[in-house]
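Topology and contacts: notes
Here's the letter readout for the chains.
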Amino acid sequence: MKIKSRIKKNWKTYLLKGAGLFAGILILFYLSIYFGIWGKIPSLNALKDLKQSQATSILDVNNQLIGKYYIYDRQSISHENFPKHLIDALIATEDVRFYEHNGIDYKSLFRVFFKTILTGDESSGGGSTITLQLAKNLYGRHNYGPLTLPVNKIKESIVARRIESLYSKKEILTFYLNTVPFSDNTFGIESAALKFFNVNTKQLSIPQATTLIGTLKANHSFNPRIYPEKSRSRRNVVIQQMVKYGYLEPDMASRSMDEPIVLNYQHFAPNQGLAPYFREEVKKQLDRILRQNKYKKENGEHYNLYQDGLKVYTTLDNTLQQYAEKAMKDRMAKLQKEYENAYGKNKPWLKNKSGFQSVLKRLEIYKRLKALKFSEEEILDSLSKPVEQELFSWNGSIKKSISTLDSLSYYLKFLNTGLISIEPSTGAVRAYVGGIDYRYFQYDHVSQSKRQVGSTFKPFVYTAALESGMKPCSYFSPKAITYTDYENWKPTNASDADSLNNLNYSLKYALSHSINTVAVKVLHETGINKVIDQAHAMGVQSNIEEVPSIALGSSNLRVIELGEAYTSFVNDSKPSQPIFIRKIETKDGKLLASYEDLNPERTVEKVYSDYTRQVMLEFLKATVNEGTAQRLRSTYQFNNDIAGKTGTTQDNKDGWFVGILPQLVTVIWVGNDHQQIGFSNTAIGQGANSALPIFANYLRALNKDAKYDKITKSTFETPSDQVIADLSCPLIKKENFLQRLFEPSPDKTEFKKKKKKGIFSWLFGNEKKE
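Residues numbered from 1 in each chain as written. Predicted model: local features only at pLDDT ≥ 70, side-chain atom pairs only at ≥ 80, totals over all residues. Heavy atoms only, no water.

**A few points about the overall build of the protein**
Heads up, the rule is: To qualify as a helix, a DSSP run of H or I must reach at least 4 residues; to qualify as a strand, a run of E must reach at least 2; elements of each kind are numbered from the N terminus. Only protein chains enter the accessibility calculation, which uses a 1.4 Å probe; a residue is then buried when its area is under 20% of its type maximum, exposed when over 50%, and partly exposed in between. Between two residues, a contact is recorded if the distance between any of their heavy atoms is within 4.5 Å. Methods summary: accessible areas were calculated by the Shrake-Rupley approach with a probe of 1.4 Å, and residue burial reflects only the protein chains presented.
Scanning the protein from terminus to terminus reveals 32 helices and 22 strands. For the protein, the proportion of its 770 residues judged to be buried stands at 54%. A fraction of 72% describes how many contacts in the protein between residues 6 or more apart in sequence connect residues 24 or more apart. When the accessible surface of the protein is totalled, it reaches about 35200 Å², and 50% of it is carbon and sulfur.

Encoded structure:
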């Protein structure tokens, strides 16, 4: 008995010691988080700043205000604008004891902790009160390996307690509903109400309010636009919770659950003002910059873009931006009419056309209904129900009752554009137009979109050729050749008249007139890899496929990449990396990040010789003076020093123009976002007609403003005597009898096989190529 008693006593002692040790570990773990070993926790003073949070100001190169960033996604509202049933739905679903606790539901919190530590169950989740969620929304979460969830939960609990000690429950609800993320990257209840139902928050009905509250559990999985059935099911759970806790009468709940979810979806939340695409790109860069430890506050906390009143000095020129946006709008509005009229009754965006059908079948809602075994007729019927929507038009926004199918057809027709102007000597981005209207088309066509670049790629081919030793007065026949080792690919020109007349073109003529067949032959002589290497050296980051069609611009590149590459032609053969931000200051004017901090000086080597640069600049000047961009002289009567390059892709899907002034390089793209829909004909879709007029409108405005004489009246460098001498040859030469007899251009060849020089080539001063 004594032995059993002793064993029992020892067992109790070990158990107590074990429990004490475990409790001690928990206390030490908690204290390690509390005192910042796992990362600093916002202090009471920092949390007080929520009330006095200041917008970050975005300033242009002349320190003029061009925009702000707010904590509430620019649409914060007061508590009085929250309908009672919205608050009730939130409380019933997310935190039923919200008015009783001090920010923490201890029972749920310890459940999460024990399950994660003891069972490794990372899905144990839950336990988050509204105040805890607010802490998470404001300060985010970090990765701590297997302890990620408990560390973040405890940090949030500490922040939540501090928030509760500073703010009333009404204020906490207001903060929460103005900052919480909803579906489709929407922040705050007001933005969500406007985006999904096109009503203000105070106008939300019970079904609408509960739909939005239902998305908070998983804003993608319960997105009513993408998953309407799952969203409806979740909405009904919210309504049932309201009944359970006495917030809603059963009969009203029943009627609300019977209602379908009817969206009046606004494709893009309101975001107006100057340079919205530029401001969004700056925001992305700021998000990366402010996460760096070297830019922390004195108290060790990271700056918050939406609260700390930073001043961000950018490279954008407010006035140039206004000129660029107006130039774009003036041309695009007219071009849209030309584009639609040219198709007549064969518009590919009409519902009975293959282009529309192709896009329709890629819609998430279509694929989902198809997966649920709905018939084609049932799907089309579901998508044919009209709802009131606000639509983009060049005459101003319009409200119209329109179905999903009609909305798709409506938006499919719109052309879009991207424009960037870069100061070549510094890389400073002076103007940036990412699309026709940020409110409706938020996809950035300067930094995000990749499109085939057409003939704007040809200067890379010619630059590489000159660097490889090809003479400026080398001549090529424009005759089309079939390349048998590339599936009998046969590049052609708009006209074959000159090849029938046995004419040969110099490099200058071929590039300035954008002769496709010659570009491919120059690529053949130079080598694909050399051309690709040259393009990358000039600033192209995107992958370039090793195929001969790259000579005609088959590669998909971004507008900003072309801009960087073309700056090298007027910047001592050195590409200028685009720069957006000059410096960042605190709200008190203290320098946080200097120009040198943000844009460290780097050694940039010349990517080709001075000789090549001067020759290429002469080629590009010829494009404007007598080539594919000559309407800048003939139609628009510009006398400025201008070089440039037009570009048009296969089937007229994309129009490009690169306008080069000695102190400003501008790249412009025009096309339809849906690449299967192009222009109906080359006359309208070619870069000289679609993109070039935007540049012309832009330059016309600059020429009228004496403030920009430094740009508009600047002149190109004078080429060296050697360059002048080497370019002193006819642009076009006719083959003589001996060349036609002994060196006939083949109809077919292998691209990879290098052709030998003809035996009589030494007789004819300048070299002729096939």
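**Things to note about the pairing of strand β6 (residues 387-391)**
The condition is simple: Pairing between strands is defined by DSSP: at least two bridges between them are needed.
Burial of the side chains of β6 is restricted to one face: Val387, Gln389 and Leu391 are buried, whereas none of Glu388 and Glu390 on the reverse face is. As defined by bridge partners, β6 adjoins strand β7 (residues 398-402) across 5 bridges and the pair is classed as antiparallel. Within β7, the residue paired with Gln389 across the bridge is Lys400. Hairpin geometry of β6 and β7 is characterised by an intervening segment of 6 residues between the two adjacent antiparallel strands and by a positive phi of about 110° at Gly396.

**Quick notes on the sheet that holds strand β8 (residues 415-422)**
Definition in use: Fitted lines through C-alpha atoms serve as axes, helices being fitted only where they are in contact, and the angles separating the N-to-C directions of these axes extend from 0 to 180 degrees.
Read across the sheet, 5 strands follow the order β9-β8-β19-β18-β17 without closing on themselves; strand pairing throughout is antiparallel. Of all strands in the sheet, those bounded by a partner on one side alone are β9 (429-433) and β17 (643-648). Direction aside, the axes of adjacent strands within the sheet are offset by 5° on average. Two strands pair when backbone bridges link them, and β8 and strand β19 (residues 664-672) are joined in this way by 8 bridges, in the antiparallel orientation. Of the residues in β19, the one forming a bridge with Ser421 is Thr666.

**Brief notes about the state of the cysteines**
Defined as follows: Only a pair of cysteine sulfur atoms within 2.5 Å counts as a disulfide in this structure description.
The full count for this structure, using the stated rule, is 1 disulfide. In this model Cys473 forms its disulfide with Cys729; the gap between the sulfur atoms is 1.7 Å. Because the sign of the S-S torsion sets the handedness, a value of about -85° for the bond joining Cys473 and Cys729 places this disulfide among the left-handed ones. Taken together, the residues Cys473 in the loop between α18 (458-467) and β11 (475-476) and Cys729 in the loop between α31 (721-726) and β20 (732-734) connect sequence positions 256 residues apart. Note on Cys729: relative accessible area 19%, which makes it buried.

**So, the nonpolar core**
Under the convention used in this document: Take the buried Ala, Val, Leu, Ile, Met, Phe, Trp, Tyr and Cys residues and link them wherever side-chain atoms come within 4.5 Å; each set so joined is a nonpolar core.
Among the nonpolar cores identified, the biggest contains 144 residues, and Phe457, Tyr462, Ile584 and Ile660 are the most heavily contacted of them. With 8 residues, the single largest contributor to this core is helix α13 (residues 318-343). In this structure, Ile77, Ala135, Phe196 and Leu248 belong to the second largest nonpolar core, which totals 44 residues.

**Considerations on the confidence of the model for the protein**
Filter applied, for reference: Each residue carries a pLDDT score, the predictor's own confidence in it, on a scale running from 0 to 100.
Averaged over all residues, the pLDDT of the protein equals 86, while 86% of them reach at least 70. Overall, residues 755-770 carries pLDDT values under 50, and its contacts beyond four positions in sequence, including any with other chains, amount to 37 contacts.

**A short note on the packing of helix α3 (residues 84-94) against helix α7 (residues 169-179)**
Heads up, the condition is: For classification purposes, an angle smaller than 35 degrees is called roughly parallel, one larger than 145 roughly antiparallel, one from 65 to 115 roughly perpendicular, and anything else oblique. Under the scheme applied, nonpolar residues are Ala, Val, Leu, Ile, Met, Phe, Trp, Tyr, Cys and Pro; charged residues are Asp, Glu, Lys and Arg; polar residues are all the others, including Gly.
Taken N-terminus to C-terminus, the directions of α3 and α7 make an angle of 90°; their axes are 12 Å apart at the nearest point. Of the possible angle classes, the one that applies to α3 and α7 is roughly perpendicular. Across the interface between the two elements, Leu86, Ile87, Leu90 and Ile91 of α3 pack against Leu173, Tyr176 and Leu177 of α7. Class assignment of the residues belonging to the contact of α3 with α7 gives a composition of 7 nonpolar, no polar and no charged.

**Some points on the layout of surface pockets**
To be explicit about the condition: Put plainly, a pocket is an open set of points on a 1 Å grid over the protein atoms alone with protein on both sides within 12 Å along at least five of seven lines, a cavity is a set where a 1.4 Å probe fits but cannot get out, and a lining residue has an atom within 4 Å of a point. Grid points are joined across faces, edges and corners, and a volume is the space filled by probe spheres set on the points.
In this model, the second largest pocket occupies a volume close to 1100 Å³. If you trace the second largest pocket, you find 40 residues lining it, with Ser455, Thr492, Ser514, Asn516 and Thr648 closest to the centre. Classifying every residue of the lining of the second largest pocket by side-chain character gives 9 nonpolar, 25 polar and 6 charged.

**Points about the sheet that holds strand β5 (residues 311-314)**
Taken in spatial order, the 5 strands make up an open sheet running β2-β1-β5-β15-β16, and their pairing is mixed. The open sheet is flanked by β2 (65-69) and β16 (591-593), the only strands paired with a single partner. Within the sheet, the average angular offset between the axes of one strand and its neighbour, ignoring direction, is 25°. One ladder, built from 4 bridges, connects strand β1 (residues 56-59) with β2; its direction is antiparallel. Directly across from Ser57, in β2, lies its bridge partner Lys68.

**Side note on the packing of helix α8 (residues 189-197) against helix α9 (residues 206-214)**
Let me state the cut-off plainly: For any pair of crossing helices, the crossing counts as left-handed if the nearer helix is rotated counterclockwise from the farther one by less than a right angle, and right-handed if it is rotated clockwise.
The interhelical angle for the contact between α8 and α9, taken along N-to-C directions, is 115°, at an axis separation of 11 Å. Once α8 is placed against α9, the crossing between them reads as right-handed. Together, Ile189, Ala192, Ala193, Phe196 and Phe197 of α8 and Gln208, Thr211 and Leu212 of α9 make up the contact between the two elements. Residue composition of the contact of α8 with α9, grouped by class: 6 nonpolar, 2 polar and no charged.

**Focus on the pattern of salt bridges**
To be explicit about the condition: The salt bridge criterion pairs a side-chain nitrogen of Lys or Arg with a carboxyl oxygen of Asp or Glu, the two atoms within 4 Å.
Under the defined criterion, the tally for this structure stands at 25 salt bridges. Close ionic contact of Lys367 with Glu364 constitutes a salt bridge, the shortest N to O distance being 3.6 Å. Pair noted here: Lys367 and Glu364 are both in helix α15 (residues 364-371), with a separation of 3 residues, about one helical turn. What makes Lys367 partly exposed here is its relative accessible area of 41%. With a closest N to O distance of 3.2 Å, Lys370 and Glu376 form a salt bridge. Of the residues examined, Lys370 reaches a relative accessible area of 39% and is grouped as partly exposed. One network of salt bridges, in which partners are shared, links Asp572, Lys606, Asp610, Arg613 and Glu717.

**Here we look at the side chain of Ser542**
For clarity, the threshold we go by: We call two N or O atoms a polar contact when they sit within 3.5 Å, provided that within protein one can donate a hydrogen and the other can accept it, with sequence-adjacent residues counted only if both atoms are side-chain atoms.
The residue Ser542 is located in the loop between α22 (528-537) and β14 (556-557) in this model. Accessibility expressed as a relative area gives 5% for Ser542, which makes it buried. Here Lys450 takes part through its side chain, which lies 2.9 Å from a polar atom of the side chain of Ser542. The contact partners of Ser542, leaving out residues within four places of it in the chain, are Lys450, His536, Asn556, Leu557 and Glu561.

**Some remarks on unusual backbone geometry**
Phi is positive for Lys373, close to 70°, though the residue is something other than glycine. Relative to the assigned elements, Lys373 resides in the loop between α15 and α16 (376-382).

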